[in-house]
Amino acid sequence: MDFIIYGLLEVFQPINFILMSIGVFAGIVFGAIPGLTATLAISLLIPFTFGMPPVPALVLLLGIYCGGIYGGSITAILIRAPGTPAAAATVLDGYPLAQKGLGGEAVGVATIGSGIGGLISALIMIFLSPQISKFALEFSAPEYFALAIFGLSVIFSISDNVIKGMMTGLLGLLLATVGMDPIMPLPRFTFGNLQLMTGLPLLPAVIGLFALAEVFRMAEEIELLDKTAAAINRIVPELRVFIDMIPLFIKSSLIGTFIGALPGAGANIAAFVSYNEAKRSSKNPEKFGTGCYEGVAASETANNAVTGGALIPMLTLGIPGDAVTAVLLSALTIQGYQPGPLLFRDNMDIVYPIFACMILANIIMVIMGLCGAKFVARIAMVDKAYLMPSIAIFAIVGAFAASGNIFDIWVTLFFGVLGYVLGKLKFDVSPIALSIILGPLAETSLRKSLVFSKGDPSILVTRPISAVLLALSVLSVVTTLIKQNRARKKMLAK
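Residues numbered from 1 in each chain as written. Predicted model: local features only at pLDDT ≥ 70, side-chain atom pairs only at ≥ 80, totals over all residues. Heavy atoms only, no water.

Helix and strand counts for the protein chain stand at 22 helices and 2 strands. Within the protein chain, contacts between residues at least 6 apart in sequence are counted, and of these 78% link residues at least 24 apart. (Helix = DSSP H or I, 4+ residues; strand = E, 2+ residues; numbered from the N terminus. Contact = heavy atoms within 4.5 Å.)

With that settled, the discussion passes to a nonpolar patch on the surface. On the surface, Leu239, Ile243, Ile246, Ile250 and Leu254 cluster together into a nonpolar patch covering about 480 Å² of accessible area. Counting through the fold element by element, Ile250 comes out in helix 12 (residues 246-260). (Patch = residues over 30% accessible without salt bridge, like charges linked within 9 Å, V, L, I, M, F, W, Y side chains within 5 Å. Areas by Shrake-Rupley, 256 points an atom, 1.4 Å probe, with all protein chains shown as cover. Salt bridge = Lys/Arg side-chain N within 4 Å of Asp/Glu carboxyl O.)

This next bit is on the pattern of salt bridges. For the structure on display, the rule yields 7 salt bridges. One salt bridge connects Glu143 with Arg463, and the closest N-O pair in it is separated by 2.8 Å. Of this pair, Glu143 sits in helix 7 (residues 141-152) while Arg463 sits in the loop between helix 21 (459-462) and helix 22 (464-493), placing them 320 residues apart in sequence. For Glu143, a relative accessible area of 2% translates into the label buried. Under the relative-accessibility criterion, Arg463 is labelled partly exposed at 29%. (Buried < 20%, exposed > 50% of the residue type's maximum accessible area, 1.4 Å probe, protein only.)

Okay, the packing of helix 5 (residues 88-99) against helix 13 (residues 267-280) next. Where helix 5 meets helix 13, the axes come as close as 7 Å, and the angle between the chain directions of the two elements is 45°. Classed by the angle they form, the pair helix 5 and helix 13 counts as oblique. Where helix 5 abuts helix 13, its residues Ala88, Ala89, Leu92 and Asp93 lie against Ala271, Phe272 and Tyr275. (Axes fitted to C-alpha atoms, helices over the stretch in contact; angles between N-to-C directions. Parallel < 35°, antiparallel > 145°, perpendicular 65-115°, else oblique.)

Overall, the prediction assigns the protein chain a mean pLDDT of 81, with 86% of residues at 70 or greater. The low-confidence segment residues 223-231 (pLDDT under 50) makes 6 contacts with residues lying over four places distant or belonging to another chain. (pLDDT = per-residue confidence, 0-100.)

What follows deals with the packing of aromatic side chains. Applying the stated criterion across every chain yields a total of 6 aromatic pairs. On the basis of an interplanar angle of 80° and a centroid distance of 5.6 Å, the ring pair of Tyr275 and Phe288 is categorised as edge-to-face. With Tyr275 in helix 13 and Phe288 in the loop between helix 13 and helix 14 (293-317), this residue pair connects regions lying 13 residues apart in the sequence. The residues Tyr275 and Phe288 share a single accessibility class, namely buried. Here the aromatic rings of Tyr352 and Phe355 are separated by 5.2 Å at their centres, their planes lie at 85°, and the arrangement is edge-to-face. On the criterion of helical spacing, the pair formed by Tyr352 and Phe355 is a turn pair, its members being 3 residues apart in helix 17 (residues 348-376). (Phe/Tyr/Trp six-rings, centres within 6.5 Å; stacked < 30°, edge-to-face > 60°.)

To continue, consider helix 10 (residues 202-220). Over its 19 residues, helix 10 extends 27 Å from the first C-alpha to the last, a length consistent with the 27 Å expected when each residue adds 1.5 Å. Considering bend angle alone, the principal kink of helix 10 is centred on Gly208 and spans about 40°. Of all 19 residues in helix 10, 14 are buried; the element is thus mostly enclosed. (Expected span 1.5 Å × (residues − 1). Bend = angle between axes of the 7 residues up to and from the residue.)

In this structure, Phe189 is a non-glycine residue whose phi angle is positive, near 55°. Structurally, Phe189 is set in the loop between strand 2 (187-188) and helix 10. Under the relative-accessibility criterion, Phe189 is labelled partly exposed at 46%. Within the chain, Lys454 stands out as a residue other than glycine whose phi angle is a positive 60°. Within the element layout of this structure, Lys454 appears in the loop between helix 20 (430-452) and helix 21. Lys454 gets classed as exposed once you look at its relative accessible area, which sits at 79%.

Interaxial distance between helix 7 and helix 20 falls to 8 Å at its minimum, and their mutual angle equals 150°. Put simply, helix 7 runs roughly antiparallel to helix 20. Considering only the axes of helix 7 and helix 20, their crossing is left-handed. Here Ala141, Pro142, Tyr144, Phe145, Ala148, Gly151 and Leu152 of helix 7 lie close against helix 20, whose contacting residues are Leu434, Ser435, Leu438, Leu441, Ala442, Ser445, Leu446, Lys448, Ser449 and Phe452. Among the residues making up the contact of helix 7 with helix 20, the classes are represented as 12 nonpolar, 4 polar and 1 charged. (Left-handed = near helix turned anticlockwise from the far one by under 90°. Nonpolar A, V, L, I, M, F, W, Y, C, P; charged D, E, K, R; others polar.)

Shown next as structure tokens:
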């Protein structure tokens, strides 16, 4: 308790508090602009922290981390342009809510859910770091494969037509194989193009599928659009909505924290897994994808809960949980600290300011998000004739800014056209994004598992954790198909 009080006193020092607030604001802005992720923001600012004392430098970077993950939800909800890959799941229900004139409330739900997820994960990080890290070390290739399959089972949940969902999911898995073979040094489907050797870039693909495809759709229907939009009356939905979602907030926070603690998993996987679980356990699963608060809350709570979870292996084992914590690990090393067990023995004076910062940064993020949401939500009120070219420019610039590579613009255009054509044919494009995210993890983990077992596939079901995850995947698919069949029969009966 003395160290926790010490950490809070350190963070409440005026300079530290101001830097943390600036970091949260900067993270929200970077996260909201497609292509400018929290990883990029932290990478750009690390050189400016070299001459700063450790605590001010770290609270600035951690503030960016918390704000950056949340910021991606804003444009995902309002203009169908996920600011980060982690916000791709938020599009599924966030954008339909905005189309209904509930964009402000959707942003409010995302803000509060993000804050709750971040706070719960920070508390878990403080009190259970060593235990979770030991459990995370039990994950090897079979467990990661099972986790990827569990995430891919979302395809059955987010697709109204299971056959079409499987087709687009398989197309996504095929696209995920482009580039160098993860085991053997051989190129696949590159057609002699050196730009494809590293595979199709994720962020341009997501921006193209959701944002640019939506621009093409709006261009086609621009004359048919209703120019009168309802006024945004409120940001925060009624209290009973949040009371009903308390179990969902807690469950999604636990999912996000756990997946965040797995090295290499990341917020995008957590968001889709949480979304799938929320839909699977919902009393009204048919509402998901049509614009429901639960879908937004599940994905946003989970992807922000990753922040605390990803710090657990970084601080206790020196293993980064995701790309952002890999950059934070280098920042901590530059400041002269070596993450790992010795950090908790010798440098508690730096550990507890980190803990305190993660709590306060999430509180500041909620305040900033709710205060600014009413103004940001007005994006949804802009006339589509003006909004459409702005989104297109945002998408192109965001795709280019991610790497500074012109080729990424062509990737965005390709996926934009692909998403538009599939939309016209009544195919859901979400399974493609999900497969591109999880496909490499599934393939690499499966092949490593078979190498370890000398070709024996039973390794996937003889290890307890992987067996449980695979069983949950099957259960998720079966229950989803049963619910969809019942819903179809009710519609036919009517």
